[in-house]
Amino acid sequence: MKKSDQKAKNVEEAEEKEAEAKAEGEQKVEKEVDLVTGANGKLGRELVKSLLKKGDVVRALVKSKENIVDLPPGVVPYIGDITHQKVLDDACNGVDNVYHLAAAVSEYKYTTEELIHINVEGTRNVLDAAEKGGAKHFIFTSTVDVYGRKRRDVLTEESPLKPSDKYGYSKMLAENIVKEYANTLPYTILRLATIYGPSFEAPYFKVFKALQEGKVYLVGNGQNHLALLHIYDALQALILPRVFIEISKNKVYNVTDGNNYTQELLFNMAADMLKVPRPKRHLSEFIVRLVAKSRGLDSDELRFLTSNRIIDITKIKSELGFKPMVEMRVGMGELVTAYLKRYHK
């Protein structure tokens, strides 16, 4: 090869490498920075993985150094909780998106004062830090419990909020605070149904065991409607507001799998998959509440089991293109398979 040809080739290769480096640099600039509060929770851990796959820079708020080992490689940890303003300010500095998942959920574990302190005052702390840090989008996970445990009407985002428990009340108050920041910090509120699937197996395994032992009773007539959401569809709902940021700006969305399951239908489906008799016996809700503790049901599980709500998800489907991907029979089947594999090898 002539020297002139070699020189031309070297120049061409150098230009190609420069172009690649420039493209890579532009790609890095375009990466968004996310903060996930509650990153060591069940939903938080899965969300962090999804955001990393998107190529984002992911910061995670975790309660202690011990929780860092639960995070996937590449996450930037911040140690503290949503009552630590200094930590929040540092974590939100220069952030693009804040996913506020951290919350006290269990009425079994927390007092009313603690629920308010964490869920309401803590949310204001995160909002203050996100506003100061220049965040572009605040995505808040709320709950269908803000509507109340039992409703006769079909529930849309415009339905009046009538929380009937301490947790739902605290999340309603937190939603109100989020809305106060609308002019300076665009938000999206997602009212999630009860999640099931990988990482959320424990309460469902408890039911499977009781079914095998013939200890499951239908509460009331068993025709109350239970709202559920598979973890993979919950993650889809958390990502969509980022894709349609202008549409989802300062909006509230219900998020379920779009189906209305009765308590009886779900128990029968699980029993059939486990190949055990379907539960036939009924108990009044009053009696169930009296015997719940002895049957291993905590107050949060009982609250879900005795709820009765039909949730409309037309808004998130039409505006953001949300399409639940996991059918209950498939999701339930995966849970039953995992249960049998773990306990009946």
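Up top is the structure.
Residues numbered from 1 in each chain as written. Predicted model: local features only at pLDDT ≥ 70, side-chain atom pairs only at ≥ 80, totals over all residues. Heavy atoms only, no water.

1. Quick word on the packing of helix α2 (residues 42-54) against helix α7 (residues 231-243)
Point 1. One way to put it is that α2 packs onto α7 with a least axis distance of 10 Å and a crossing angle of 50°. Between α2 and α7, the angle falls in the class oblique. The way α2 lies across α7 gives a crossing that is right-handed. In this structure, α2 contributes L43, E46, L47, S50, L51 and K54 to the contact, and α7 contributes I231, A234, L235, L238, I239 and R242.
Point 2. Partitioned by chemical class, the residues of the contact of α2 with α7 number 8 nonpolar, 1 polar and 3 charged. (Axes fitted to C-alpha atoms, helices over the stretch in contact; angles between N-to-C directions. Helix = DSSP H or I, 4+ residues; strand = E, 2+ residues; numbered from the N terminus. Parallel < 35°, antiparallel > 145°, perpendicular 65-115°, else oblique. Left-handed = near helix turned anticlockwise from the far one by under 90°. Contact = heavy atoms within 4.5 Å. Nonpolar A, V, L, I, M, F, W, Y, C, P; charged D, E, K, R; others polar.)

2. Some details on the nonpolar core
Point 1. The biggest cluster of nonpolar side chains holds 40 residues, and the ones touching the most others in it are V36, L43, L47, Y99 and I316.
Point 2. Going through the elements one at a time, α2, β2 (57-62), β7 (187-192), α7, β12 (251-255) and α12 (314-320) are the ones with two or more residues in this core.
Point 3. The element that contributes the greatest number of residues to this core is α7, accounting for 7 residues.
Point 4. Setting aside anything within four residues of it in sequence, one finds L43 in contact with L101, L192, I195, F200, I231, A234, L235 and L238.
Point 5. Ranked by size, the runner-up nonpolar core spans 30 residues in total, among them L211, Y261, A271 and Y339. (Core = buried A, V, L, I, M, F, W, Y, C linked by side-chain atoms within 4.5 Å. Buried < 20%, exposed > 50% of the residue type's maximum accessible area, 1.4 Å probe, protein only.)

3. Section: helix α4 (residues 112-132)
Point 1. Over its 21 residues, α4 extends 29 Å from the first C-alpha to the last, a length consistent with the 30 Å expected when each residue adds 1.5 Å.
Point 2. Helix geometry: α4 is bent most strongly at G122, by close to 30°.
Point 3. Among all positions of α4, only L115, N119, V120, G122, T123, N125, V126, L127, A129 and A130 are buried.
Point 4. Looking at the packing, one finds that the buried side of α4 touches β1 (33-37), α3 (85-92), β4 (97-100), β5 (137-143) and α5 (166-180). (Expected span 1.5 Å × (residues − 1). Bend = angle between axes of the 7 residues up to and from the residue.)

4. Side note on the packing of helix α9 (residues 263-274) against helix α13 (residues 328-343)
Point 1. Their axes nearest at 10 Å, the elements α9 and α13 cross at an angle of 50°. Taken together, the axes of α9 and α13 are oblique relative to one another. For the pair α9 and α13, the crossing hand works out as right-handed. Contacts from L266, M269, A270, M273 and L274 of α9 reach α13 at M328, R329, M332, G333, V336, Y339 and L340.
Point 2. Residues that form the contact of α9 with α13 fall into these classes: 10 nonpolar, 1 polar and 1 charged.

5. Points about the sheet that holds β7
Point 1. Strand order in this open sheet of 7 strands is β3-β2-β1-β4-β5-β7-β12, and the pairing throughout is parallel. Two strands in the sheet have a free side with no partner beyond their single neighbour: β3 (76-79) and β12. Neighbour to neighbour, the strand axes of the sheet diverge by 20° on average, direction disregarded.
Point 2. Note: β4 against β5, 4 bridges, orientation parallel. Paired with N97 across the strands is H137, a residue of β5.
Point 3. Helix-sheet contacts for α5 involve β5, β7 and β12, and the interaxial angle to β5 is about 160°. (Pairing = 2+ DSSP bridges.)

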